[in-house]
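# Structural description and commentary
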Amino acid sequence: MIDHFGINCSDLARSAAFYDDVLGVLGYRRVLDFGVAIGYGDEAPDFWISAQPDEGPASGPNREIHVGFRAKDGEAVREFFAHAVAQGAEVLHEPRLWPEYHEGYFGAFVRDPDGNNVEAVCHTGE
């Protein structure tokens, strides 16, 4: 069900040092590092930490989280998106390929009623 999730950090360098250490003990490592976001896992980045922005839902003491829900295919991603929009969700990113993540990454992002960034993603393209 959960493909990956992420949290925002008030001090990314401090959090990166912490997670490099404690997740290393569990056999996990940095899989991707975009400078402002770091993904940890064994092969794929399942857990992400990101720099906290200065304002918006991802800032402050009750920062948004990000959850990527696994979808079976591109049609399920599009259906998730359509249902979320029909429920009044704020559109963050319409369904599309995200080649900067990997070749077959197809996802859509919305904000849930509490301001969290939720996504449906499949890894097989459209």
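This text gives an overview of the structure that appears in the document. As the structure is a computational prediction, the values presented were derived from the model and not from experiment. (Residues numbered from 1 in each chain as written. Predicted model: local features only at pLDDT ≥ 70, side-chain atom pairs only at ≥ 80, totals over all residues. Heavy atoms only, no water.)

## Quick notes on the nonpolar core
If you look at the biggest cluster of nonpolar residues, it comprises eleven residues: Ala-71, Val-77, Phe-81, Ala-84, Ala-89, Phe-106, Ala-108, Val-110, Val-118, Ala-120 and Cys-122. Mapped by element, the contributors of at least two residues to this core are α2 (74-86), β7 (106-111) and β8 (117-122). With residues near it in sequence (within four places) discarded, Ala-120 still touches Phe-69, Val-77, Phe-80, Phe-106, Gly-107 and Ala-108. Formed by nine residues, the second largest nonpolar core is a distinct cluster that contains Cys-9, Ala-16, Leu-23 and Ile-49. (Core = buried A, V, L, I, M, F, W, Y, C linked by side-chain atoms within 4.5 Å. Buried < 20%, exposed > 50% of the residue type's maximum accessible area, 1.4 Å probe, protein only. Helix = DSSP H or I, 4+ residues; strand = E, 2+ residues; numbered from the N terminus. Contact = heavy atoms within 4.5 Å.)

## With respect to the side chain of Ser-15
Among the structural elements, Ser-15 can be located in helix α1 (residues 12-25). Assessed through its relative accessible area of 17%, Ser-15 is described here as buried. Residue contacts for Ser-15: discarding those within four places in its chain leaves Cys-9 and Ile-49.

## Section: the pattern of salt bridges
Summed over the entire model, instances satisfying the criterion amount to eight salt bridges. For Arg-30, the salt bridge identified is with Asp-33, shortest N-O distance 2.6 Å. Take Asp-33: its relative accessible area is 43%, and that puts it in the partly exposed class. Through salt bridges with shared partners, a single network forms among Asp-20, Arg-30 and Asp-33. (Salt bridge = Lys/Arg side-chain N within 4 Å of Asp/Glu carboxyl O.)

## Describing the sheet that holds strand β3 (residues 37-41)
Whenever strands of a sheet pair, they do so through backbone hydrogen bonds, lying parallel or antiparallel. If you trace the eight strands from one edge of the open sheet to the other, you get β2-β3-β4-β1-β5-β8-β7-β6, paired in mixed fashion. Of all strands in the sheet, those with a lone pairing partner are β2 (29-33) and β6 (90-97), marking the two edges. On average, each strand axis in the sheet is tilted by 20 degrees relative to the strand beside it, whichever way the strands run. Taken strand by strand, α1 contacts β1 (2-9), β2, β3 and β4 (45-51), and its axis lies near 155 degrees from that of β4. (Pairing = 2+ DSSP bridges. Axes fitted to C-alpha atoms, helices over the stretch in contact; angles between N-to-C directions.)

## Details of the pairing of β3
Across the five residues that make up β3, a large majority, five, are buried. Here β3 shows no split at all, with Ala-37, Gly-39 and Gly-41 on one side and Ile-38 and Tyr-40 on the other all buried. Sheet analysis places β2 next to β3, joined by four bridges and oriented antiparallel. Note on β3: the bridge partner recorded for Arg-29 is Gly-41. Adjacent in sequence and paired antiparallel, β2 and β3 are bridged by three residues, among which Gly-35 carries a positive phi angle near 90 degrees. Judged from the five bridges that link them, β3 and β4 form a sheet pairing that is antiparallel. Within β4, the residue paired with Ala-37 across the bridge is Ser-50. Taken together, β3 and the strand that follows it, β4, pair antiparallel across an intervening segment of three residues.

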